[in-house]
Amino acid sequence: SLWNALRTSDGEGATVRLSAPPAHLARTITQAEHATSGAGLSETRLQATPHRGIVRLVMPASSVPYESVLEVLGHDHDARVAVVVQSLQAHAHRVLGERLPASAWSTLPSAACDPVSKRIRAAFDPHRIMNRGIFGEQGE
């Protein structure tokens, strides 16, 4: 069902991949469920690859927020995704954004800030149109 959710996504959702030691998989799943439910992302799909210690979260934009989240974040899916990412990072997981709203990329350390990656981006995306914020650039 996870792959169907990815295929049928409206493009407004977010996908995050967590990695932790395989022995900590149960704790990683519990923390992921807690983070997404606490942010009001009730329709999140979760998939695990136990032998690799990977947990993938698909957070569709159509999630209905809980009442307590409404008071703080309103209906802003992007802000809720950012809360989930920050919460998961606080538990010392390796959090990789696979598909995130532009505003949520800034909550992750850049995965591609080395000189080679920056030169590749400069050559193929000089106007910084694709994956805004993925290189840790501010103001995008």
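As a reminder, the structure under discussion sits directly above these lines.
First things first, this report covers the structure right here in the doc. (Residues numbered from 1 in each chain as written. Predicted model: local features only at pLDDT ≥ 70, side-chain atom pairs only at ≥ 80, totals over all residues. Heavy atoms only, no water.)

### Considering the pattern of salt bridges
Argument step 1. All told, the structure shown has three salt bridges when counted by the stated rule.
Argument step 2. Across the salt bridge formed by Arg17 and Glu98, the nearest N and O atoms sit 3.3 Å from each other. You can see Arg17 sitting in strand β1 (residues 14-19) and its partner Glu98 sitting in strand β4 (residues 94-99), a full 81 residues away along the chain.
Argument step 3. Relative accessible area serves as the criterion here: at 26%, Arg17 is assigned to the partly exposed category.
Argument step 4. Take Glu98: its relative accessible area is 35%, and that puts it in the partly exposed class.
Argument step 5. We note a salt bridge from Arg56 to Glu98, for which the minimum N-O separation is 2.8 Å. Within this pair, whereas Arg56 is found in strand β3 (residues 54-59), its partner Glu98 is found in strand β4, the two being separated by 42 residues in sequence.
Argument step 6. What you see here is one network of salt bridges that share partners, running through Arg17, Arg56 and Glu98. (Salt bridge = Lys/Arg side-chain N within 4 Å of Asp/Glu carboxyl O. Helix = DSSP H or I, 4+ residues; strand = E, 2+ residues; numbered from the N terminus. Buried < 20%, exposed > 50% of the residue type's maximum accessible area, 1.4 Å probe, protein only.)

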